[in-house]
Amino acid sequence: MSRAEWKLQTGKAAEALSANYRLDCDYGTAVITCWEKGGVEPIYVCDSHAKELGPSREHGPEARVLTAEAEQTNHPIKQKKRSRAEEEIVQKPKAAPLQESEHGLEGRIEKAKTENRKKPIKAEERTPSQEIAVAKSNNGPVPEVAQSAAEPKAGRTANDAFARARTRDLTFGNPAKAMVDEAIWNLATGDYEVYRTALQQGKSAREAAQSAGGQLAAIHQKISDYTAKLEAVLSESRVIISVGETIDKPLEQATLEIISNEAMSDSEKDAAVQQLGAIQEWVKQGMQGEMTLLQTNQIILRIGERLNWGGSTDVSEELKAVYRTLNGNLKSAICTAVPKAKNFQERLINLCAAKSEVDKELLMTKELTQASR
């Protein structure tokens, strides 16, 4: 697969990715399908596929490919996207104190909002709610299309929720591939109530899953099997992995990019560097110099767990990029040291992602059932 060079997201301008981000192009995967159907999660594609996808109005007027000049402002910890009205206002992270300019930060924000309200909105750029407001102000009829889009339809909440749940970052595991590879796609998901009751009774997650049956039981069993196989293979090797090369070096490079970024204020740089330091401390857990293959694999699994195996988390997109780089380095180190571990590692990670998805689907089904009552 080609290396991803662009990040595309609904309603936002494309962002050039640094060569340090060792991501595969998402083109041809299920992620693209979710994105084309209105998914909110970003996709990562190579240059040729970014141009092929091109701008799409249904994903917002700003979903377009930028020139290579965008790479000049690329860095692992980016600032949040600003609205057109506030694009000149530097937003500080919560941890850093706000510093007002000589005219006052609040005054600048209010002025920008006032100017934005005065600008007429083109008809093709209006949202359904704005179309209704314009029609009412002109004492005219409300367009049916705008009215139907503005009003939620019955059942739409459930469908949207399931669509969002299936939009995943496949860097941390592909649940669909696990379902096919392990031949469990045609099984029922399992009984959530039995699973929950078993957990409340003090049983382990694996024992509870066996009680629930279906995909949940099969996934937990196979995770246990592949964990044993992978650890057995890694234990046979005496190869030692460098902590400095796989963990410290990429984080130091990310830190240098932040420090040299002129678009960031000193307080923003301090906050970003502190975030990287916290990640470094969490990943290493006191390890220095070298680590075994088993320790390396444990870090990969911990990163996957923190990122919910590619599902929805409260981790920012900027920090996810850092975790992707670390994840790629660690996996490459293991596969280079023990090539035959690659298949076991891939299947295990994909099963973990499938477990995360099935867990969420079971919980969501329960919540939707209760809501319908």
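Before reading further, recall that the structure is shown in the block above.
What counts as what
Residues numbered from 1 in each chain as written. Predicted model: local features only at pLDDT ≥ 70, side-chain atom pairs only at ≥ 80, totals over all residues. Heavy atoms only, no water. Helix = DSSP H or I, 4+ residues; strand = E, 2+ residues; numbered from the N terminus. Buried < 20%, exposed > 50% of the residue type's maximum accessible area, 1.4 Å probe, protein only. Areas by Shrake-Rupley, 256 points an atom, 1.4 Å probe, with all protein chains shown as cover. Core = buried A, V, L, I, M, F, W, Y, C linked by side-chain atoms within 4.5 Å. Contact = heavy atoms within 4.5 Å. Phe/Tyr/Trp six-rings, centres within 6.5 Å; stacked < 30°, edge-to-face > 60°. Lys NZ or Arg CZ within 6 Å of the ring centre and 35° of its normal. Arc of directions from axis to C-beta. Polar contact = N/O pair within 3.5 Å; in protein donor to acceptor, adjacent residues only side chain to side chain. Axes fitted to C-alpha atoms, helices over the stretch in contact; angles between N-to-C directions. Left-handed = near helix turned anticlockwise from the far one by under 90°. Nonpolar A, V, L, I, M, F, W, Y, C, P; charged D, E, K, R; others polar.

## Points about the overall build of the protein chain
Stage number 1. When you go through the protein chain residue by residue, the secondary structure sums to 15 helices and five strands.
Stage number 2. Taken over 373 residues, the protein chain has a buried fraction of 40%.
Stage number 3. For the protein chain, the accessible surface area stands at approximately 21,200 Å², while carbon and sulfur atoms represent 49% of it.

## Digging into the nonpolar core
Stage number 1. Core analysis: the biggest nonpolar cluster contains 56 residues, and Ile219, Ile247, Met291, Ile299, Ile303, Tyr323 and Leu326 have the highest contact counts within it.
Stage number 2. No other element matches helix 15 (residues 341-372), which puts nine residues into this core.
Stage number 3. The residues contacting tyrosine 323, other than those within four sequence positions of it, are Phe172, Ile279, Trp282, Ile303, Arg306, Leu307 and Val315.
Stage number 4. Membership of the second largest hydrophobic core comes to 13 residues, among which are Trp6, Ala16, Ile32 and Ala50.

## With respect to the environment of lysine 7
Stage number 1. Topologically, lysine 7 is positioned in strand 1 (residues 6-8).
Stage number 2. Placed 43 residues apart in sequence, lysine 7 and alanine 50 show a C-alpha to C-alpha distance of 8.7 Å.
Stage number 3. Residue contacts for lysine 7: discarding those within four places in its chain leaves Ala13, Ala14, Glu15, Leu17, Pro42, Ile43, Tyr44 and Glu317.

## Points about the environment of glutamate 357
Stage number 1. By secondary structure assignment, the location of glutamate 357 is in helix 15.
Stage number 2. Owing to a relative accessible area of 15%, glutamate 357 belongs among the buried residues under this scheme.
Stage number 3. Once the C-alpha coordinates of glutamate 357 and tryptophan 309 are considered, the two residues, 48 residues apart in sequence, prove to be 8.9 Å apart.

## Some thoughts on the packing of aromatic side chains
Stage number 1. Tallying each qualifying case throughout the model produces two aromatic pairs.
Stage number 2. Seen from their ring centres, tyrosine 226 and phenylalanine 344 are 6.4 Å apart, and the 45 degrees between their planes marks the pair as tilted. Here phenylalanine 344 lies in helix 15 and tyrosine 226 lies in helix 10 (residues 214-236), a separation of 118 residues in the sequence.
Stage number 3. Centroid distance tryptophan 282 to tyrosine 323: 6.2 Å. Interplanar angle 90 degrees. Geometry classified as edge-to-face. On the criterion of sequence distance, the pair formed by tryptophan 282 in helix 12 (residues 266-284) and tyrosine 323 in helix 14 (residues 317-337) is long-range, its members being 41 residues apart.
Stage number 4. The cationic tip of arginine 306 hangs over the ring face of tryptophan 282; the distance from NZ or CZ to the ring centre is 3.8 Å.

## Here's the deal with the environment of isoleucine 279
Stage number 1. Counting through the fold element by element, isoleucine 279 comes out in helix 12.
Stage number 2. Apart from the residues within four sequence positions on either side, isoleucine 279 is in contact with Leu319, Val322, Tyr323 and Leu326.

## A word on helix 8 (residues 192-200)
Each α-helix winds once per 3.6 residues, and so residues spaced three or four apart point in a common direction.
Stage number 1. Considered for burial, the residues of helix 8 that qualify are Tyr192, Tyr195 and Ala198. For helix 8, the buried positions fall inside an angular range of 130 degrees around the axis, keeping them on one side.
Stage number 2. A distance of 3.0 Å separates the backbone nitrogen of glutamate 193 from a side-chain oxygen at the start of helix 8, and that oxygen is part of aspartate 191.
Stage number 3. In the stretch just after helix 8, glycine 202 is the one whose phi turns positive, near 95 degrees.

## Remarks on the packing of helix 12 against helix 14
Stage number 1. It is the contact of helix 12 with helix 14, at a shortest axis distance of 11 Å, that shows an interaxial angle of 40 degrees. As helix 12 runs across helix 14, the sense of the crossing is right-handed. For the pair formed by helix 12 and helix 14, the contact residues are Gln275, Leu276, Ile279, Trp282 and Val283 on the first element and Leu319, Val322, Tyr323 and Leu326 on the second.
Stage number 2. Broken down by class, the residue content of the contact of helix 12 with helix 14 amounts to eight nonpolar, one polar and no charged.

From the geometry alone we can't say anything about function, so treat these as descriptive.
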